[in-house]
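One letter stands for each residue in the lines below.
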Amino acid sequence: DDGPAWLARARDRLRDDCARAPRIEELARIAGVHPVVFARTFRRRYGRSPAEYLRECRLELAARLLRDRRLSLRMVAARAGFVDQSHLTRSFRRVLGCTPGDYRR
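Let me sum up the structure you'll find in this document. Keep in mind the model is a prediction, meaning the values are calculated, not measured.

Points about unusual backbone geometry
And then number 1: Although it is not a glycine, alanine 21 adopts a positive phi angle of roughly 60°.
And then number 2: On the secondary structure map, alanine 21 appears in the loop between helix 1 (5-16) and helix 2 (24-31).

Right, here's the structure in full:
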């Protein structure tokens, strides 16, 4: 069960648009609830904040993009919504324990 339909809709929007990083206010508007209600309900239902979920989605997107060897690490970082390649590398290392280059190999 994904919980209320409004919450699943907003979570899907966050996942599908993770590179752009929709703001809490935008997601709450989509859901039709106050931003505080949205954030609290999201954390309770999914066990993490919307920002934490966003970071996970971005890393998953980056991992998928790394499979395409034609894309430079800089391009992967930009397409996955990271500020730059070093931001991607730090996030990747912190969460996955390796660099994007290591992961690609």
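Structure shown, so let's carry the discussion forward.
Some words on a nonpolar patch on the surface
And then number 1: Together, Val95, Leu96 and Tyr103 line one region of the surface with nonpolar side chains, adding up to about 270 Å² of accessible area.
And then number 2: Among the secondary structure elements, tyrosine 103 is positioned in helix 7 (residues 100-104).
And then number 3: Owing to a relative accessible area of 36%, tyrosine 103 belongs among the partly exposed residues under this scheme.

Describing helix 2
And then number 1: Those residues of helix 2 that fall on the buried side of the exposure criterion are Glu26, Leu27, Ala28 and Ala31.
And then number 2: Contact partners of the buried residues in helix 2: helix 1 and helix 3 (35-46).
And then number 3: Just downstream of helix 2, glycine 32 is the residue with a positive phi angle, here 80°.

Regarding the pattern of salt bridges
And then number 1: Following the criterion strictly, the structure yields twelve salt bridges and no others.
And then number 2: A salt bridge links aspartate 12 to arginine 15, with the nearest nitrogen and oxygen atoms 3.2 Å apart. Of this pair, aspartate 12 and arginine 15 are both found in helix 1, three residues apart, which corresponds to roughly one turn of the helix.
And then number 3: On the accessibility criterion, aspartate 12 (26% relative accessible area) is partly exposed.
And then number 4: On the basis of relative accessibility, which here comes to 34%, the residue arginine 15 falls in the partly exposed class.

Conventions and cut-offs
- Residues numbered from 1 in each chain as written.
- Predicted model: local features only at pLDDT ≥ 70, side-chain atom pairs only at ≥ 80, totals over all residues.
- Heavy atoms only, no water.
- Helix = DSSP H or I, 4+ residues; strand = E, 2+ residues; numbered from the N terminus.
- Patch = residues over 30% accessible without salt bridge, like charges linked within 9 Å, V, L, I, M, F, W, Y side chains within 5 Å.
- Areas by Shrake-Rupley, 256 points an atom, 1.4 Å probe, with all protein chains shown as cover.
- Salt bridge = Lys/Arg side-chain N within 4 Å of Asp/Glu carboxyl O.
- Buried < 20%, exposed > 50% of the residue type's maximum accessible area, 1.4 Å probe, protein only.
- Contact = heavy atoms within 4.5 Å.

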